[in-house]
Amino acid sequence: MSEATAGKTKYEKPLPEFRPETKPYWEASKRHEFILPKSKTTGEFFFYPRALSPGDDMTHDIEWVKASGKAKVWTFAIHHMGPTPAYKNEPAYVVALVETAEGTKMMTNIVGCDPKEVKIGMDVEVVFDDVTPEVTLVKFKPMGK
Amino acid sequence: MATSIPRVEDTRNALKKHKIVIAGVGETEQGKVPNKSSFQFLSEASKLAIQDAGIQKTDVDGLVTAFSLVEHTFMHCTTFADYFGMRPRYFSSIAIGGATAIWMAAEAAMAIISGQADVVLCVRGDNTLSGISSSGMVALIREMCHAEFEFPYGLTTPGGYALAAQRYLYEYGLKREHLAAVAVTMRKHAGMKENAMNREPLAIEDVIKSRVIADPLTKYDCSIISDGGAAFIVTTEEKAKQLGVKKPLAYLWGMGQGYSHQYLTTLKDLNQIYTAVETSGQKAMKTAGITTKDVDMAFLYDCFTITVLLEIEGLGLVPKGEGGPFALEGRMEIGKDMPVNTHGGLLSQAHLGGMHHVVEATLQLRGEAGPRQVKDAEVALVHGNGGIVSAHSTIVLGQQPLS
């Protein structure tokens, strides 16, 4: 599964630029846990992670909650061209916006199936891709596949 | 919506009182133009606009610029003022992506109304095609994506628009050709515009069969990258007359902005985009005292085919979900229901962030659009969007003073 171990070549695709406030998210991903930030004031999940709740409460009081790992494809685009030279000669890949069971949306890749099988509304579940020893990307695959 | 727009009357009264006009326009050659720097294009476009207005460089006392994808500077307007050799009383650089060009006219108007300047040069130019480095291109692609939570998944700028397009087609049960039809219409119009980069006719099939970039979008759903410059001069009717401007004036009737999201991750649904477009358009149209029925032609930011459909529907020119069929039936063509981008737009003429949309609207209102002339063109709606249908700006231009 992991592109880093499968190819045994250096991972040259873009890596996330970490911000201090997102540390818990990336640490959890590395442990193969998918967590989402939630405002303790309003009880609402939000994504992407921020230091303050983006809701009107503006609170710093944020808790990280283990997410169900279940989501639905809201939309997707089969990329035949990647953003950097590292994608040259790569097969087409699916970038998708999924809606998690917790109600937040997130950008991800749908893996573990032919891109042509991906449909809007499709049920997907979380899968962890250890792209480098330091970085694990949260991706999704068709439910039960 | 109408009653919730704050201070429309204030803006309307200010525009009526000051009679803000576009008094001159300029376009350099467009396309692949090597051996010209970004600031050369800016200078040449400025010179052409000043000459078109028939005024002197010394008459210009305000400057609004944007940004460059090639020449990186934190202070773009003053860097250009230095290069061009002017010392403006008012200067500003706007950086709201594709919403910039349209908002330049609004910002110039606000500077004039508040007494900061009398004659404002709005200019943009860049040698994007010839001058951008491969790292610059990667930076541009990344700019639209969240560096931490989107870019690592390989999202590209066309990919972002493809995400919007896929959802749009799904919600309304539309097909690939509905998007393609927009590109076909733009190409048809570009065939009548001398400086357009791509003028050879394009068929629906050509668009669908062209190289897949990010499915459902192919090469011809994506705007071109080009070199070139364009400029326009904003002043008051009174000042224009005083300076002896001979060209017909295009009057600014209204302006507005609307914001949806920066990153697609935080987009709730398509309605959020429609609402931002509508907010921007309604503010501009209410200020102008018009409804969509009064609009004779629309200049819609067309960085990708999908944006034209979302904009024409969000603005209320066509009901939601009917933009695709409207395009496919050829109703965006000159001489039809609602001529859109009579110059060929970003998809076929040139990509200068919507500067040409403002220039073409002005030429149409002046009756100088030649073979592209829209009959009885009196009111133009011009709309820009920055980011991935994120940040919106609209202006309404009229052939007569706002009354």
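Everything numeric in this text was worked out from a predicted model, so none of it was measured.

Trainee: I'd like a description of the overall build of chain B, backed by residues and values.
Mentor: A count of helical and extended segments in chain B gives 15 helices and eleven strands. Its C-alpha radius of gyration of 19 Å places chain B within 12% of the 22 Å reference for a compact globule of 403 residues. Viewed in the frame of its principal axes, chain B has a C-alpha envelope of about 55 × 45 × 40 Å. Relative to its full complement of 403 residues, chain B shows a buried share of 61%. The contacts in chain B between residues at least 6 apart in sequence include a share of 77% that link residues at least 24 apart.

Trainee: Describe the overall build of chain A, with residues and values.
Mentor: Each helix and strand counted, chain A has two helices and seven strands in total. Element order for chain A, N to C, with α for helix and β for strand: α-α-β-β-β-β-β-β-β. Rg of the C-alpha trace for chain A: 16 Å, near the compact-globule value of 15 Å for 145 residues, within the 12% margin. Counting across all 145 residues of chain A, residues that qualify as buried make up 31%.

Trainee: Give a description of the pairing of strand β7 (residues 227-236) of chain B that names residues and reports values.
Mentor: All names here are of chain B. Within β7, ten of the ten residues are buried, which leaves it mostly tucked inside the rest of the structure. By the alternation rule, side chains of β7 split into D227, G229, A231, I233 and T235 and G228, A230, F232, V234 and T236, which are all buried. Here strand β1 (residues 20-27) pairs with β7 via seven bridges, running antiparallel. When the bridges of β7 are listed, I20 appears paired with T236. As defined by bridge partners, strand β4 (residues 120-127) adjoins β7 across eight bridges and the pair is classed as antiparallel. By the bridge assignment, N127 is partnered in β7 with D227.

Trainee: How would you sum up the packing of helix α7 (residues 157-172) of chain B against helix α12 (residues 305-314) of chain B? Please name residues and give values.
Mentor: Axes are the key here: two packed helices are described by the angle between their axes and the distance separating the axes. All names here are of chain B. Orientation of α7 relative to α12, taken along the N-to-C sense of each, is 55°, at an axis distance of 9 Å. As judged from the angle between their axes, α7 and α12 are oblique. The two elements α7 and α12 cross, and the hand of that crossing is left-handed. In this structure, α7 contributes Y161, A164, A165 and Y168 to the contact, and α12 contributes I306, L309 and L310.

Trainee: Tell me what's going on with the interface of chain A and chain B, and back it up with residues and numbers.
Mentor: Contacts between the two partners involve 32 residues from chain A and, on the opposite side, 27 residues from chain B. Taken together, the elements giving at least two residues each to the side of chain A that touches chain B come down to β3 (70-79), β4 (93-100) and β5 (105-110) of chain A. Among the elements that make up the side of chain A that touches chain B, the one with the highest residue count is β3 of chain A (six residues). Class assignment of the residues belonging to the side of chain A that touches chain B gives a composition of 20 nonpolar, eight polar and four charged. Bridge count for β3 of chain A against strand β5 (residues 212-215) of chain B is two bridges, and the pairing is antiparallel. In the sheet register, I78 of chain A faces β5 of chain B, and the bridge partner there is D215 of chain B.

Trainee: An account of the sheet that holds strand β2 (residues 62-65) of chain B is requested, with residue identities and associated values reported.
Mentor: All names here are of chain B. Here we have nine strands laid out as an open sheet, ordered β3-β2-β4-β7-β1-β8-β11-β10-β9, and mixed in their pairing. In this open sheet, the two strands that pair with only one neighbour each are β3 (90-93) and β9 (297-300). For this sheet, the mean angle separating the axes of adjacent strands, direction not counted, is 25°. Of the strand pairs in this sheet, β2 and β4 are connected by three bridges, and their pairing is parallel. Residue pairing in the sheet places G62 in a bridge with V120 of β4. Sheet strands touched by helix α11 (residues 270-288): β8 (250-259), β10 (379-386) and β11 (391-398). Its angle to β8, the strand with the most contacts, is close to 150°.

Trainee: Requested: an account of the nonpolar core, with residues and values cited.
Mentor: All names here are of chain B. Membership of the largest hydrophobic core comes to 164 residues, with the highest contact counts inside it found for A105, V120, C122, V234, L252 and L397. Of the residues forming this core, the biggest block, ten residues, is contributed by helix α4 (residues 100-113). Sequence-distant contacts of A105, that is, excluding residues within four places in its chain, are made with I22, C122, V234, L252, V358 and I395.

Trainee: So, the packing of helix α2 (residues 38-53) of chain B against helix α3 (residues 76-84) of chain B: which residues are in play, and what are the values?
Mentor: Residues and elements named next belong to chain B. Where α2 meets α3, the closest approach of the two axes is 10 Å, and the angle between their N-to-C directions is 70°. The orientation of α2 relative to α3 falls into the category roughly perpendicular. Mapping the contact onto sequence places F39, L42, S43 and S46 in α2 and F80, Y83 and F84 in α3. Along the lines of polarity and charge, the residues of the contact of α2 with α3 split into five nonpolar, two polar and no charged.

Trainee: Give a detailed account of α11 of chain B, specifying residues and quantitative values.
Mentor: Residue and element names in this part refer to chain B. The terminal C-alpha atoms of α11, which comprises 19 residues, lie 27 Å apart, in line with the 27 Å expected from a rise of 1.5 Å per residue. Among the 19 residues that make up α11, 16 are buried, leaving the element largely enclosed by the rest of the structure. Taken from the residues just after α11, G289 is the one with a positive phi, measuring 70°.

Trainee: Mind laying out α4 of chain B, listing which residues take part and the relevant values?
Mentor: Residues and elements named next belong to chain B. End to end, α4 covers 19 Å across 14 residues, agreeing with the expected 20 Å (1.5 Å per residue, within 8%). Most of α4 sits inside the fold, with twelve of its 14 residues counted as buried. Those residues of α4 that sit buried are T100, A101, I102, W103, M104, A105, A106, E107, A108, A109, A111 and I112. One or two steps after α4, the chain reaches G115, where phi turns positive at roughly 80°.

Trainee: Tell me what's going on with unusual backbone geometry, and back it up with residues and numbers.
Mentor: Cis rather than trans, the peptide bond between F47 of chain A and Y48 of chain A has omega equal to 10°. The residue after D215 of chain B, namely P216 of chain B, is reached through a cis peptide bond having omega 20°. Looking at the element boundaries, P216 of chain B is found in the loop between β5 and β6 (217-218). Of note in this structure, N89 of chain A is not a glycine but carries a positive phi near 65°.

Trainee: Please provide a residue-by-residue account of the pairing of β2 of chain B, values included.
Mentor: Residue and element names in this part refer to chain B. Because side chains alternate across β2, one face comprises the buried residues G62 and V64, and the other comprises L63 and T65, equally buried. By the bridge criterion, four bridges tie β2 to β3 in an arrangement that is parallel. Bridged to V64 within β3 is S92. One crossover worth recording links β2 to the parallel β3 by way of α3, and it is right-handed.

Here is what the cut-offs are and how they apply
Going along each chain's sequence as written, the residues are numbered from 1 onward. As a convention, the first chain written is A and the first ligand written is 1, with the rest following in written order. This being a predicted model, a pLDDT of at least 70 is required before a residue's local features are given, and a value of 80 or more before pairs of side-chain atoms are given or counted; all residues contribute to the totals for chains, interfaces and linings. Only DSSP runs of H or I with at least four residues qualify as helices, and only runs of E with at least two residues qualify as strands; both kinds are numbered from the N terminus onward. Each radius of gyration reported is based on C-alpha atoms, and the globular scaling rule is 2.2 Å times the count of residues to the power 0.38. Partly exposed residues are those falling between the two cut-offs: more than 12 but fewer than 20 other C-beta atoms within 10 Å of their own, whereas 20 or more means buried and 12 or fewer means exposed, with C-beta atoms placed from the backbone. The contact criterion used is a C-beta to C-beta distance within 7 Å, with each C-beta placed from the backbone. One requirement defines pairing of two strands: DSSP has to find at least two bridges between them. Under this scheme, a helix contributes an axis fitted over its contacting stretch, all axes are lines through C-alpha atoms, and angles between N-to-C directions fall in the 0 to 180 degree range. The scheme is simple: roughly parallel for angles under 35 degrees, roughly antiparallel for over 145, roughly perpendicular for 65 to 115, oblique for anything else. Take the far helix as your reference; a near helix turned counterclockwise from it by less than a right angle gives a left-handed crossing, and one turned clockwise gives a right-handed crossing. All residues other than Ala, Val, Leu, Ile, Met, Phe, Trp, Tyr, Cys, Pro, Asp, Glu, Lys and Arg, Gly among them, are scored as polar; the first ten of these are nonpolar and the last four charged. The term nonpolar core refers to a set of buried Ala, Val, Leu, Ile, Met, Phe, Trp, Tyr and Cys residues connected through C-beta atoms within 7 Å. Expected span of a helix, by definition, is 1.5 Å for each gap between consecutive residues, and there is one gap fewer than residues. Whether a crossover is right-handed depends on one test, that the path from the first strand over the helix to the second runs clockwise when the strands point away from the viewer.

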